Amino acid sequence: MTQSGAIDSTDEAGVIADPPHGLPDLPEGLHLRPVRSEGGAAVLVLTVDPTHHTGFDLSLCRALTQGLAKAAEMHGTDAHGALVLAAAAGAALRGWPLPMPEAGQAVALGDALAALTETLADFPIPVVFLATGLVAGPAAALAVACDGRVAPQTARLAFPEAGLGLCPAGGATQRLPRLIGVEQAARLMVGARPVGAVEALALGLLDRVVDTAPMPAALSLARSQAAAPPPRGPDRA
């Protein structure tokens, strides 16, 4: 198992099981699957295909909210377990839809994103975010609302809102400073430039960076957090 804060080259198998009979329906582009594991805690994987949406729009927020509700149902009342949230293979969660929505739609999107990140932060089991490609804006807000973050070396993370004349949404202005400190958080949010995975690891924005397929590392971290859940609520980073 990889130590936290290290670059991981593990090739541990992480096989997603065939969907069981009666798996609840989800919005188009979302898939929720349990992962086979020989012993240890159960891990659910919620993947989203962002090509079904024009950027991180209101429909994507609503779809993810539904997906998380179904994941909570599948988990049930078991005190152990974890969830991995990831984009579909070869894809990345997109940033704000461009052109930006008009005022009324922008407010609705901001409210939906805030509710979505609160759901993640208060989720009954630990959530690990698998960052691929460029994770920017609302997708980055999702990442910092999760309990852990894993990425391949090619991933980048950004909070570009200042460059668009906006303020980072979804609670990022509170969660990012708690995660990496006020000075570094201000640098990322004001500078609005993407940071590579290795730099993000050094900052504490990522927990693990891999030089192979990242899903096995995300599953490994999820199982570790299921066995020893990180602090929640006010004690959470």
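What counts and what doesn't
- Residues numbered from 1 in each chain as written.
- Predicted model: local features only at pLDDT ≥ 70, side-chain atom pairs only at ≥ 80, totals over all residues.
- Heavy atoms only, no water.
- Helix = DSSP H or I, 4+ residues; strand = E, 2+ residues; numbered from the N terminus.
- Buried < 20%, exposed > 50% of the residue type's maximum accessible area, 1.4 Å probe, protein only.
- Contact = heavy atoms within 4.5 Å.
- Areas by Shrake-Rupley, 256 points an atom, 1.4 Å probe, with all protein chains shown as cover.
- Axes fitted to C-alpha atoms, helices over the stretch in contact; angles between N-to-C directions.
- Parallel < 35°, antiparallel > 145°, perpendicular 65-115°, else oblique.
- Left-handed = near helix turned anticlockwise from the far one by under 90°.
- Nonpolar A, V, L, I, M, F, W, Y, C, P; charged D, E, K, R; others polar.
- Salt bridge = Lys/Arg side-chain N within 4 Å of Asp/Glu carboxyl O.
- Core = buried A, V, L, I, M, F, W, Y, C linked by side-chain atoms within 4.5 Å.
- Pairing = 2+ DSSP bridges.

Structural notes on the overall build of the protein chain
Right, on to step 1. Each helix and strand counted, the protein chain has seven helices and ten strands in total.
Right, on to step 2. Within the span of the protein chain, comprising 237 residues, buried residues form 49% of the whole.
Right, on to step 3. Taking all contacts inside the protein chain whose residues are at least 6 apart in sequence as the whole, residues at least 24 apart take part in 69%.
Right, on to step 4. As displayed, the protein chain has an accessible area near 10600 Å², and 56% of this comes from carbon and sulfur atoms.

Concerning unusual backbone geometry
Right, on to step 1. Look at Ala192: it is not a glycine, yet its phi comes out positive at around 60 degrees.
Right, on to step 2. Residue Ala192 is classed as buried on the basis of its relative accessible area of 18%.

Observations concerning the packing of helix α3 (residues 138-145) against helix α4 (residues 172-180)
Right, on to step 1. Interaxial distance between α3 and α4 falls to 9 Å at its minimum, and their mutual angle equals 50 degrees. Judged by the angle between their axes, α3 and α4 are oblique. With respect to the hand of their crossing, α3 and α4 are arranged in left-handed fashion. Contacts between α3 and α4 pair Ala141, Val144 and Ala145 from the former with Ala172, Arg175, Leu176 and Leu179 from the latter.
Right, on to step 2. Grouping the amino acids of the contact of α3 with α4 by side-chain chemistry returns six nonpolar, no polar and one charged.

Re the pattern of salt bridges
Right, on to step 1. A complete count under the given rule lists four salt bridges for this structure.
Right, on to step 2. Its salt-bridge partner being Arg149, residue Asp207 comes within 3.9 Å of it at the nearest N-O pair. Taken together, the positions of Asp207 in the loop between α6 (197-203) and β10 (208-210) and Arg149 in strand β7 (residues 148-152) put the pair 58 residues apart, joining distant regions of the chain. Arg149 matches Asp207 in its accessibility class, with the two residues each being buried.
Right, on to step 3. A salt bridge links Glu199 to Arg193, with the shortest nitrogen-to-oxygen separation between them at 3.3 Å.
Right, on to step 4. Owing to a relative accessible area of 40%, Arg193 belongs among the partly exposed residues under this scheme.
Right, on to step 5. Connected through salt bridges with shared partners, the residues Arg187, Arg193 and Glu199 form a single ionic network.

Description of the environment of Ala158
Right, on to step 1. Here Ala158 is to be found in strand β8 (residues 156-158).
Right, on to step 2. Of the residues examined, Ala158 reaches a relative accessible area of 4% and is grouped as buried.
Right, on to step 3. Linking Ala158 and Ala139, residues 19 residues apart in sequence, is a C-alpha distance of 9.1 Å.
Right, on to step 4. When residues no more than four places from it in sequence are discounted, the contact partners of Ala158 are Leu134, Val135, Ala136, Gly137, Ala140, Arg193 and Pro194.

Comments concerning the nonpolar core
Right, on to step 1. Within the largest apolar cluster, 56 residues are counted, with the highest numbers of intra-cluster contacts made by Phe56, Leu83, Phe129, Leu142 and Leu205.
Right, on to step 2. No other element matches the seven residues that α3 contributes to this core.
Right, on to step 3. Apart from residues no more than four positions distant in its own chain, Leu142 is found in contact with Phe56, Leu64, Leu85, Leu93, Leu113, Leu116, Thr117, Leu120 and Phe129.
Right, on to step 4. Formed by 18 residues, the second largest nonpolar core is a distinct cluster that contains Val128, Leu130, Ala217 and Leu219.

Examining the pairing of strand β3 (residues 43-48)
Right, on to step 1. Most of β3 is tucked away, with six of its six residues classed as buried.
Right, on to step 2. The two faces of β3 match: Val43, Val45 and Thr47 on one face and Leu44, Leu46 and Val48 on the other face are all buried.
Right, on to step 3. Bridging between strand β2 (residues 30-34) and β3 involves five bridges; their strand directions are antiparallel. Of the residues in β3, the one forming a bridge with Leu30 is Val48.

What about the packing of α4 against helix α5 (residues 182-191)?
For any two helices packed against each other, the geometry is given by the interaxial angle and the distance between the axes.
Right, on to step 1. Two numbers describe how α4 lies on α5: the axes approach to 7 Å, and their chain directions differ by 130 degrees. The angle between the axes of α4 and α5 places the two elements in the oblique class. As α4 runs across α5, the sense of the crossing is right-handed. Between α4, through Ala172, Thr173, Leu176, Pro177 and Ile180, and α5, the contact on the second element is made entirely by Val182, Gln184, Ala185, Leu188 and Met189.
Right, on to step 2. Here the residues of the contact of α4 with α5 sort into eight nonpolar, two polar and no charged.

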